[in-house]
Amino acid sequence: MLRRYAGAAVALALVVTGCGASTVRMEPPDADAATSEVCSDLVSALPNTLLGAERARVRPDSELTAAWGDPAIGLRCGVERPVALTPTSYLEEVNGVPWLPQPEDAPTLYTALGHEVYVELSVPPSHGAPAAALTTVSDLISEHVPPLPDGEL
């Protein structure tokens, strides 16, 4: 199912590799206590593997972020509402969760909308189609992040 709305977001994941597991540098969003609690619940439920990539360490350590693989698939929970979100923006709906793809023509960053907190998922093109990652994260958002009233994004 597709809808139209707008938005803009910034992915902040850089991979630094050394011996062994990858470490990803990702700036956590500023979040209040209620947002941090919801995000901590979501991030702790995320899988150890996403699109065949293993979970990586994230620095600085935060309950609001997660990453997998090299180059990193990154997730940031509790980000700001996308500033460009408008009634005419394009949205993709995955298992009942609306996602704002950015850029629209070749997205690598998706922002989940319609729930009490916004969640960004960045998927580098080298990981292939993001559908499985969006499905997994959508299901966990539906389970761990309360929805907004119908029609609110």
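Residues numbered from 1 in each chain as written. Predicted model: local features only at pLDDT ≥ 70, side-chain atom pairs only at ≥ 80, totals over all residues. Heavy atoms only, no water.

### As for the pattern of salt bridges
We count it as follows: The working definition used for a salt bridge is a side-chain nitrogen of Lys or Arg within 4 Å of a carboxyl oxygen of Asp or Glu. A 1.4 Å probe rolled over the protein chains alone gives each residue an accessible area, and that area as a share of the maximum for its type sets the label: buried under 20%, exposed over 50%, partly exposed in between.
Scanning the entire structure with this criterion turns up 2 salt bridges. For the salt bridge of Arg25 with Glu27, the shortest nitrogen-to-oxygen distance reads 3.6 Å. Take Glu27: its relative accessible area is 42%, and that puts it in the partly exposed class. Where Arg76 meets Glu120, a salt bridge forms, and the shortest distance between an N and an O atom there is 3.1 Å.

### Observations regarding helix α1 (residues 33-45)
Rules: Under the DSSP-based scheme used, a helix requires at least four consecutive residues in state H or I and a strand at least two consecutive residues in state E, with every element numbered from the N terminus. A helix's residues, less one, multiplied by 1.5 Å, set its expected span. The arc in question is formed by the directions pointing from the helix axis toward the C-beta atoms. Residue contacts are defined here by distance: any two heavy atoms, one from each residue, within 4.5 Å place the two residues in contact. We define a polar contact as two N or O atoms separated by no more than 3.5 Å, with the added condition that, inside protein, one atom must be a possible hydrogen donor and the other a possible acceptor, whereas residues neighbouring each other in sequence contribute only through side-chain atom pairs.
If you check α1, its first and last C-alpha atoms are 19 Å apart, about what 13 residues at 1.5 Å a residue would give, namely 18 Å. Those residues of α1 that sit buried are Thr35, Val38, Cys39, Leu42 and Val43. Projected down its long axis, α1 carries its buried residues within an arc of 130°, all on one side. Exposed side of α1, more than 90 degrees from the buried face: Ala33, Ala34, Glu37 and Ser44 are the residues found there. In this structure, the buried residues of α1 make contact with β7 (65-68), β8 (73-79), β12 (118-122) and α2 (131-144). Backbone nitrogen of Ala34 and a side-chain oxygen of the N-cap are separated by 3.3 Å at the start of α1; the cap is Asp32.

### Observations concerning unusual backbone geometry
Glycine aside, a negative phi is what most residues show, and trans is what most peptide bonds show. Between Arg59 and the following residue, Pro60, the backbone shows a cis peptide bond with an omega angle of -5°. Considering the arrangement of structural elements, one finds Pro60 in the loop between β6 (57-59) and β7. Residue Pro71 is reached from Asp70 by a cis peptide bond, and omega for that bond is 5°. Within the secondary structure, Pro71 is located in the loop between β7 and β8. With phi around 50°, Leu51 is a residue other than glycine that occupies positive phi space.

### Let's talk about the nonpolar core
Defined as follows: Here the nonpolar core consists of buried residues drawn from Ala, Val, Leu, Ile, Met, Phe, Trp, Tyr and Cys, with membership extended through side-chain atoms lying within 4.5 Å.
Formed by 28 residues in total, the largest nonpolar core has its most connected members in Leu75, Trp99, Leu121 and Ile141. If you list the elements that add at least two residues to this core, you get α1, β7, β8, β10 (97-102), β11 (109-112), β12 and α2. Per-element accounting of this core gives the leading share, 5 residues, to α2.

### Points about the environment of His127
Relative to the assigned elements, His127 resides in the loop between β12 and α2. Sequence spacing of His127 and Gly69 is 58 residues, and the spatial spacing of their C-alpha atoms is 9.0 Å. Discounting chain neighbours no more than four positions away, the residues touching His127 are Leu51, Ala53, Pro71 and Ile73. Side-chain polar atoms of His127 contact the backbone oxygen of Pro71, separated by 2.6 Å.

Purely geometric numbers; function is a separate question.
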